[in-house]
Amino acid sequence: MEKLMENEVFMAFATYAAIVIIKLLLMGPLTGYYRVTRGAFSNEEDVGRKSEEEKKKLLKIHPDVERVRRCHQNDLENIIPFVVIGLLYALTGPELSTALLHFRLFAGSRIFHTVAYIGALPQPSRGLSWILGMLVTFSMAYRVLSTALFL
Amino acid sequence: MEKLMENEVFMAFATYAAIVIIKLLLMGPLTGYYRVTRGAFSNEEDVGRKSEEEKKKLLKIHPDVERVRRCHQNDLENIIPFVVIGLLYALTGPELSTALLHFRLFAGSRIFHTVAYIGALPQPSRGLSWILGMLVTFSMAYRVLSTALFL
Amino acid sequence: MEKLMENEVFMAFATYAAIVIIKLLLMGPLTGYYRVTRGAFSNEEDVGRKSEEEKKKLLKIHPDVERVRRCHQNDLENIIPFVVIGLLYALTGPELSTALLHFRLFAGSRIFHTVAYIGALPQPSRGLSWILGMLVTFSMAYRVLSTALFL
């Protein structure tokens, strides 16, 4: 079993998979931060023992919170498929340099995507980083299918 | 490491996992298509340099976009668990024919689910395909637990 | 390949991964249960052949359904990263007792999180179980990065 973790492509995959998953997980606390600073909660038990009037004021939707949540959702929709396909891709035994190129492009594109989303940078910055990440995953999926096709 | 990719059950898993993940990823561009054709966006920076009035008109919710998004969400909730459990299932060394039956039923049920959801086919078509996909995952999870149980 | 499933750490991982994924999948039928009992649906085809007036009444948002959906979403955001990082973590060859501690804490914290969310228990019960689960995943990610770092 330890053999997998001695393979350089697999180690590179493990490293970049951990990085993008940590990035994804950090969107949770970031949402919490925006909820507290913007005073916009979803659950009655989250606003504490306040009067009914104060509660109603805090149980609202705030555009900044919704923006972080959409960014989190986009991460879920793109990072998880990357990790799954990337694992299978690493097992097909690609060249180390090609694999590193895929992993680095993906990690870079997703970090930039988050900056562009939270910072509301003008388009097409966010759109292009989203497309780049998706192309990386498609490229890896193509190699998985052309190596392991068994229908 | 390459041994895994010489195992027929694992190759079959890799093939069907790649297919359903590609299907899941394509929901992203499909949402984009509906957003553009229905003129319904979530982010101010996505509607370009327009007058305030035009912007407000484009920053709306459209039922067709919401339908694609629910379908995408349902894919996330069902396809990712299938892929995770399917990987562990493939490692338990099931019969090739049994494994293929599981993978094919799942892939077929999820493709039909998307057609039924986007096309708003009358129920119970969508409901049944959703249940079928879930039963396949439960069946694989049962084998994983009965083979590898270690609490 | 079967060697993986003879390794006790990997078997423990497979067991707890299957448990938390089954827990995640069960949120789907639970949402369905709340939709039916609360009479709150999202899709016109789900409410059957009723008069237009009855349909409109059933196509609504109910706070109980939204609560289950938020809980389901939180599971997706936390359980899937745990499973992905946990797989890589199991491959780094940790001590069995340390690995079991991680897996048990995570599974326990997420089951408690669901009880706290659906039951609307007073905070900080839900918040603490969410943080505990996240800390477990971060701890495993730290070991993955310190064992396999290859940038």
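Predicted model, so just to flag it, every value in this text is computed and none were measured.

So, how was this worked out
- Residues numbered from 1 in each chain as written.
- Chains lettered and ligands numbered in written order.
- Predicted model: local features only at pLDDT ≥ 70, side-chain atom pairs only at ≥ 80, totals over all residues.
- Helix = DSSP H or I, 4+ residues; strand = E, 2+ residues; numbered from the N terminus.
- Rg over C-alpha atoms; globule rule 2.2 N^0.38 Å.
- Contact = placed C-beta atoms within 7 Å.
- Least-squares fit on C-alpha atoms with pLDDT ≥ 70 in both.
- pLDDT = per-residue confidence, 0-100.
- Nonpolar A, V, L, I, M, F, W, Y, C, P; charged D, E, K, R; others polar.
- Expected span 1.5 Å × (residues − 1).
- Buried ≥ 20, exposed ≤ 12 C-beta atoms within 10 Å, placed from the backbone.
- Axes fitted to C-alpha atoms, helices over the stretch in contact; angles between N-to-C directions.
- Parallel < 35°, antiparallel > 145°, perpendicular 65-115°, else oblique.
- Left-handed = near helix turned anticlockwise from the far one by under 90°.

Novice: Explain the overall build of chain A to me, and be specific about the residues and the numbers.
Specialist: A count of helical and extended segments in chain A gives 5 helices and 0 strands. The order of helices and strands in chain A, counted from the N terminus, is α-α-α-α-α. Computed over C-alpha atoms, the radius of gyration of chain A comes to 20 Å, more than 25% over the 15 Å expected from 2.2 N^0.38 for 151 residues, which places it beyond the range of a compact globule. Along the first, second and third principal axes, the C-alpha set of chain A runs to 60 × 40 × 30 Å. A fraction of 75% describes how many contacts in chain A between residues 6 or more apart in sequence connect residues 24 or more apart.

Novice: Kindly report on the relation of the copies chain C and chain A, identifying the contributing residues and their values.
Specialist: When chain C is fitted to chain A, the best match, at an RMSD of 0.0 Å, comes from turning it 120 degrees and sliding it 0.0 Å along the axis. Put plainly, the chains are arranged around a three-fold axis. Residue by residue, only 10% of the interface of chain C is reproduced at the interface of chain A, so the copies engage with different surfaces.

Novice: Help me get a handle on the confidence of the model for chain A, residues and values and all.
Specialist: Residue and element names in this part refer to chain A. Of the residues in chain A, 99% have a pLDDT of 70 or more, and the chain-wide mean is 92. The lowest-confidence element of chain A is helix α2 (residues 52–58), averaging 82 in pLDDT; the highest-confidence one is helix α4 (residues 96–118), averaging 96. Across the assembled chains, the prediction reports ipTM 0.92 with pTM 0.94.

Novice: Tell me about the interface of chain C and chain B, residues and numbers included.
Specialist: On the side of chain B, 29 residues touch chain C, which itself brings 23 residues to the contact. Contributing elements (two or more residues each) for the side of chain C that touches chain B: α1 (8–38) and α3 (63–91) of chain C.

Novice: Could you give an account of the relation of the copies chain C and chain B, with specific residues and numbers?
Specialist: Note on the identical chains: chain C maps onto chain B by a rotation of 120 degrees and an axial translation of 0.0 Å, with an RMSD of 0.0 Å. Comparing interface residues between copies, only 13% of those in chain C also sit at the interface in chain B, which points to a heterologous contact through distinct surfaces.

Novice: I'd like to hear about the interface of chain C and chain A, residue by residue, with values.
Specialist: Facing the 29 residues of chain C at the interface are 23 residues of chain A. Of all elements in the fold, only α3 and α5 (125–148) of chain C reach the threshold of two or more residues within the side of chain C that touches chain A. A total of 9 residues in the side of chain C that touches chain A trace back to one element, the largest contributor, which is α3(C). Looking at side-chain class alone, the side of chain C that touches chain A contains 20 nonpolar, 6 polar and 3 charged residues.

Novice: Lay out helix α4 (residues 96–118) of chain B in plain terms, naming residues and giving numbers.
Specialist: Residue and element names in this part refer to chain B. Between its first and last C-alpha, α4 extends 33 Å over 23 residues, near the 33 Å set by a 1.5 Å rise per residue. Buried residues of α4: A99, H102, F103, F106, A107, S109, R110, H113, T114, A116 and Y117, and no others. Where α4 is buried, its residues contact α1 (8–38), α3 (63–91) and α5 (125–148).

Novice: Give me the lowdown on the packing of α5(B) against α1(C), citing residues and values where you can.
Specialist: Direction vectors running N to C along α5(B) and α1(C) enclose 155 degrees, while the axes themselves pass 9 Å from each other. Put simply, α5(B) runs roughly antiparallel to α1(C). You can see that α5(B) and α1(C) cross each other, and the crossing is left-handed. Residues M134(B), T137(B), A141(B), V144(B), L145(B) and A148(B) of α5(B) touch α1(C), and the partners they reach there are M11(C), A14(C), T15(C), A18(C), I21(C), I22(C), L25(C) and G28(C). When grouped by side-chain class, the residues that make up the contact of α5(B) with α1(C) number 11 nonpolar, 3 polar and no charged.

Novice: Talk me through the packing of α4(A) against helix α5 (residues 125–148) of chain A; I want residue IDs and the actual numbers.
Specialist: All names here are of chain A. The interhelical angle for the contact between α4 and α5, taken along N-to-C directions, is 155 degrees, at an axis separation of 8 Å. By the angle between their axes, α4 is roughly antiparallel relative to α5. α5 is crossed by α4, and the crossing has left-handed handedness. Residues H102, L105, F106, S109, R110, F112, H113, A116 and Y117 of α4 pack against S125, R126, S129, W130, L132, G133, V136, S139 and M140 of α5.

Novice: Can you tell me about the environment of F138(A), naming the residues and giving the values?
Specialist: Residues and elements named next belong to chain A. As for its position among the elements, F138 is in helix α5. The exposure class assigned to F138 is partly exposed, which follows from the 16 C-beta atoms found within 10 Å. For F138 and I85, which are 53 residues apart along the polypeptide, the C-alpha to C-alpha distance reads 8.7 Å.

Novice: Run through the environment of G133(B), naming residues and quoting values.
Specialist: Residues and elements named next belong to chain B. As for its placement among the helices and strands, G133 is situated in helix α5. We classify G133 as buried; it has 26 C-beta atoms within 10 Å. Sequence-wise, G133 and T31 are 102 residues apart; in three dimensions their C-alpha atoms are separated by 23 Å. What G133 contacts, discounting residues up to four positions off in sequence, is N78, F106, S109, R110 and H113.

Novice: Go over the environment of D46(C) with me, naming the residues and quoting the values.
Specialist: Within the element layout of this structure, D46(C) appears in the loop between α1 and α2 (52–58). Owing to 19 C-beta atoms within 10 Å, D46(C) belongs among the partly exposed residues under this scheme. As a C-alpha pair, D46(C) and L135(C) span 89 residues in sequence and 40 Å in three-dimensional space. For D46(C), the contacting residues outside a window of four places in its chain are Q123(B) and F41(C).

Novice: Account for unusual backbone geometry, with residues named and values stated.
Specialist: Residues and elements named next belong to chain A. Each neighbour pair has its own omega, and for Q123 with P124 the value is 10 degrees, a cis peptide bond. Counting through the fold element by element, P124 comes out in the loop between α4 and α5. Unlike most non-glycine residues, A120 shows phi in positive territory, near 50 degrees. Along the chain, the position of A120 falls in the loop between α4 and α5.

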